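Okay, here's what each chain looks like letter by letter:
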Amino acid sequence: MRRAIAVRATGACLAAGSLFLLAPVGPTPRGCGDLTSGRLCIDGPIGGAGGFTTRYTQYDGRPAVNVRLGYQRKDQRLTAFADWFGTRTTSHGTAQLSGRLATAADECIRGVLMDPGGRAYVTGWRCAPAR
C-alpha cells in the first residue's frame, strides 16, 4: 500500500514539475514573435531613419538552419511586400541581419523570416509611437 502511494506521489510531482518546465518564461518582448522553433524579433527606430535588425534565435537543441531575414512595412494606405536583408545560417542558435531604413511617422514594421521550405513567419506589427 505504501509503495503504491509513493509511486502515485512521485508521478504527481513529475507531472506538476513538467508544467513548470513547459510554461513560457514570460511575455514575448515587443517586436518579437514566438515560433515553434524559436523567437523572431525586429529592432529599430520607427518614425525616422536608422538601423533595423531582424534576429532569429532558435530554441536549444535545434540543428543549424539557413534562413532569409527581412521586414515588411505598412501605413494607412497599403501593406508592402516583404523586403530582405539577406540569408544567414544560424550559428550557436542565432542568425541576424541588419540594414538602414527611413520610416514615416505613420508607418508600422514587422520582422519576416523565410525557412528553407519556403514558409514565411512574421512578428507582430510595431508602429511609430503616437504623437
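Our subject is the structure listed above.
The rules we used
Residues numbered from 1 in each chain as written. Predicted model: local features only at pLDDT ≥ 70, side-chain atom pairs only at ≥ 80, totals over all residues. Heavy atoms only, no water. Helix = DSSP H or I, 4+ residues; strand = E, 2+ residues; numbered from the N terminus. Contact = heavy atoms within 4.5 Å. Areas by Shrake-Rupley, 256 points an atom, 1.4 Å probe, with all protein chains shown as cover. Pairing = 2+ DSSP bridges. Axes fitted to C-alpha atoms, helices over the stretch in contact; angles between N-to-C directions. Disulfide = S-S within 2.5 Å. Buried < 20%, exposed > 50% of the residue type's maximum accessible area, 1.4 Å probe, protein only. Core = buried A, V, L, I, M, F, W, Y, C linked by side-chain atoms within 4.5 Å. Salt bridge = Lys/Arg side-chain N within 4 Å of Asp/Glu carboxyl O. Polar contact = N/O pair within 3.5 Å; in protein donor to acceptor, adjacent residues only side chain to side chain.

Colleague: Can you break down the overall build of the protein chain residue by residue, with the values?
Modeller: A count of helical and extended segments in the protein chain gives 1 helix and 9 strands. Counted from the first residue to the last, the protein chain has its helices and strands arranged as α-β-β-β-β-β-β-β-β-β. A sequence separation of at least 24 residues applies to 55% of the contacts in the protein chain between residues at least 6 apart. For the protein chain, the exposed surface amounts to about 8500 Å²; the carbon and sulfur share of it is 57%.

Colleague: Describe the sheet that holds strand β3 (residues 49-58), naming the residues involved and giving the relevant values.
Modeller: Pairing is antiparallel across the open sheet formed by 4 strands, whose spatial order is β1-β2-β3-β6. Each edge of the open sheet carries a strand with a single partner, namely β1 (32-34) and β6 (94-102). Direction aside, neighbouring strands of the sheet carry axes that sit 10° apart on average.

Colleague: Residues and numbers for the environment of Thr94, please.
Modeller: Its place among the elements puts Thr94 in strand β6. Separated by 35 residues in the primary sequence, Thr94 and Tyr59 have C-alpha atoms spaced 9.4 Å apart.

Colleague: Talk me through the state of the cysteines; I want residue IDs and the actual numbers.
Modeller: Evaluated as defined, the whole model comprises 2 disulfides. Shown here is the disulfide that connects Cys32 with Cys41, its sulfur atoms set 2.0 Å apart. Residues Cys32 and Cys41 are joined through a disulfide that is right-handed, its torsion about the S-S bond being 110°. Overall, Cys41 belongs to the buried group, its relative accessible area being 5%.

Colleague: Explain the nonpolar core to me, using residue names and the numbers behind them.
Modeller: If you look at the biggest cluster of nonpolar residues, it comprises 16 residues, and the most contacted ones within it are Phe52, Tyr56, Leu69 and Ile109. Where this core is concerned, the elements lending two or more residues are β2 (38-43), β3, β4 (66-74), β6 and β7 (108-114). Beyond its immediate sequence surroundings of up to four residues, Ile109 is in contact with Ile42, Ile46, Phe52, Tyr71, Gln72, Arg73, Leu101, Gly124, Trp125 and Arg126.

Colleague: Talk me through the pattern of salt bridges; I want residue IDs and the actual numbers.
Modeller: Here the structure, examined in full by the defined rule, presents 5 salt bridges. Residue Asp115 pairs with Arg119 through a salt bridge whose shortest N-O separation is 3.0 Å. Asp115 gets classed as buried once you look at its relative accessible area, which sits at 13%.

Colleague: Give a detailed account of unusual backbone geometry, specifying residues and quantitative values.
Modeller: Located in the positive-phi region is His92, a residue other than glycine, with phi close to 55°. You can see His92 is positioned in the loop between β5 (83-89) and β6.

Colleague: Could you give an account of the side chain of Thr103, with specific residues and numbers?
Modeller: In this structure, Thr103 sits in the loop between β6 and β7. One polar contact links the side chain of Thr103 to the main-chain amide nitrogen of Gly47, over a distance of 2.7 Å. Aside from chain neighbours lying at most four places away, what touches Thr103 is Pro45, Ile46, Gly47, Gly48, Phe52 and Arg73.

Colleague: Could you give an account of the pairing of β3, with specific residues and numbers?
Modeller: Of the strand pairs in this sheet, β2 and β3 are connected by 6 bridges, and their pairing is antiparallel. Residue Arg39 lies in a different strand from β3, and its bridge partner there is Thr57. Summarising the sheet, β3 and β6 pair through 9 bridges and their orientation is antiparallel. For Gly50, the partnering residue across the bridge sits in β6 and is Leu101.

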